[in-house]
Amino acid sequence: MPRRVAVLTSGGDAPGMNAAIRTVVRAAIHYNMEPWAIYRGYHGLIRGEMEPFTSRSVSGIIQRGGTILKSARSDKFMTPEGRDEAVAMLKKHDIEALIVIGGDGSFKGALELDKLGINVVGIPATIDNDIACTDYSIGFDTAVNTVLDAVNKIRDTASSHDRVYVVEVMGRHSGHIALYSGLASGADVIIIPEVPCSVKHVCDRIKHANQQGKTYNIVIVAEGAKPEGVEGNFEGPAMAVGKYIKEHTGFETRVTILGHIQRGGTPTMRDRLLASRLAYHAVELVYQGKSGRMVGEVDHVVQSWDLHYALAQEKDINLEYYHLSNILSSL
Ligand code: ATP
């Protein structure tokens, strides 16, 4: 059993990270280990921004979004010299094990530390839900609920003015947020990077829906989607999709890009429970002297996976949800 275990948050913040930090600290104490907190991810680790935590250090944070440990990206940690400095800093403070709360980039960094003799365990936390070997990552549920809240409001205006609304949601490489929020908000069309789709098809669906008596439409598009028929170099696809729909259907069309409101906010019950359960298991693994593992929840069972293996897997999109949404919106 390591005497000291440290925890850091890295990459983009996600609601529920604080609930995970709280559990790591209290579970470590439960297992008679000393919890340490590292601020600003690998950046802070290299700079020695760390201190011992007590149970009280994590009081009153379970309901807070963001991360009390702050998060940062570190280019220096991408270099062997930077990682050597990180290891030296951990050794200087007698820290033998590290729990990394973050996304796949953060886990790649953790694996490098594992190679250098530090025991590491990863807890998946990213709103994108793009990490394999867990059904959900911490923060995803809250982000989708934030999108639903926004789309509910947009619907009021869309229906009052008989408009098409194109709503762009986060997901640079994955369409999980768009898919879940699209199905749960009753969107007419969902555009995601994983499923090829043309803007002509989007227009056909909108026209068909209106022939069926619909007077307004919601299109949810993931920021990383590149629908066929949309030209140019653009940051996200929503503006171009909206312009195309307006020109080719004649319907009044508006575009809303939800952006960073999806990252913050009070974590949902699901995210708090997931964070607490995953973090507890991460500490159990550390206590058992395990390293190079990632915790995940699959079919409601918390388990752990070899981190190398997990990073090599593709996270599949739920095509059943995609087809269900298509059926429900075409009637
Ligand atoms: P999100 O999915 O929210 O973006 P992430 O964990 O994938 O989260 P990244 O910015 O990719 O976020 O990674 C966070 C940090 O992890 C980087 O700033 C870098 O210090 C470290 N990191 C990423 N990839 C590697 C790698 N291949 N080797 C070593 N360190 C890495």
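Above this text sits the structure in question.
Let me begin by describing the structure that accompanies this report. (Residues numbered from 1 in each chain as written. Predicted model: local features only at pLDDT ≥ 70, side-chain atom pairs only at ≥ 80, totals over all residues. Heavy atoms only, no water.)

### Structural notes on the sheet that holds strand S7 (residues 189-191)
An order of S7-S8-S6-S9 is seen for the four strands of this open sheet, with the pairing classed as parallel. The sheet terminates laterally at S7 and strand S9 (253-257), the two strands that pair on one side only. Each strand of the sheet is rotated relative to its neighbour by a mean of 15°, with strand direction disregarded. With five bridges joining them, strand S6 (residues 164-169) and S9 adopt parallel strand pairing. Bridge pairing links glutamate 168 to isoleucine 257 in S9. Taken strand by strand, helix H7 (residues 199-211) contacts S6, S7 and strand S8 (217-222), and its axis lies near 155° from that of S8. (Pairing = 2+ DSSP bridges. Helix = DSSP H or I, 4+ residues; strand = E, 2+ residues; numbered from the N terminus. Axes fitted to C-alpha atoms, helices over the stretch in contact; angles between N-to-C directions. Contact = heavy atoms within 4.5 Å.)

### Here's the deal with the sheet that holds strand S3 (residues 50-52)
The seven strands lie next to each other as S3-S2-S1-S4-S5-S10-S11, forming an open sheet whose pairing is mixed. Each end of this open sheet is capped by a strand with a single partner; those strands are S3 and strand S11 (301-306). Strand after strand, the sheet turns through a mean of 25° between neighbouring axes, direction not considered. Against the sheet, helix H1 (residues 17-30) makes contact with strand S1 (4-9), strand S2 (34-38), strand S4 (97-102) and strand S5 (119-124), and its axis sits at roughly 160° relative to S4, the strand it touches most.

### Topic: the site of the ligand
In the vicinity of the ligand there are 16 residues, among which Arg73, Ser74, Gly103, Gly105 and Ser106 approach most closely. At a separation of 2.4 Å, an oxygen atom of the ligand approaches a polar side-chain atom of arginine 73. One of the side-chain nitrogen or oxygen atoms of aspartate 104 is found 3.0 Å away from an oxygen atom of the ligand. In isolation the ligand offers 630 Å² of accessible surface; the protein chains occlude 81% of this area. Put simply, the ligand lies in the largest pocket. If you tally residues by element for the shell around the ligand, the top one is helix H4 (residues 104-115), at five residues. A breakdown of the residues in the shell around the ligand according to their chemical character gives three nonpolar, nine polar and four charged. (Near = heavy atom within 4 Å. Polar contact = N/O pair within 3.5 Å; in protein donor to acceptor, adjacent residues only side chain to side chain. Areas by Shrake-Rupley, 256 points an atom, 1.4 Å probe, with all protein chains shown as cover. 1 Å grid on protein atoms, 1.4 Å probe; cavity = no way out; pocket = protein on both sides within 12 Å on 5 of 7 lines; lining within 4 Å. Sits in = over half its atoms within 2 Å of the grid points. Nonpolar A, V, L, I, M, F, W, Y, C, P; charged D, E, K, R; others polar.)

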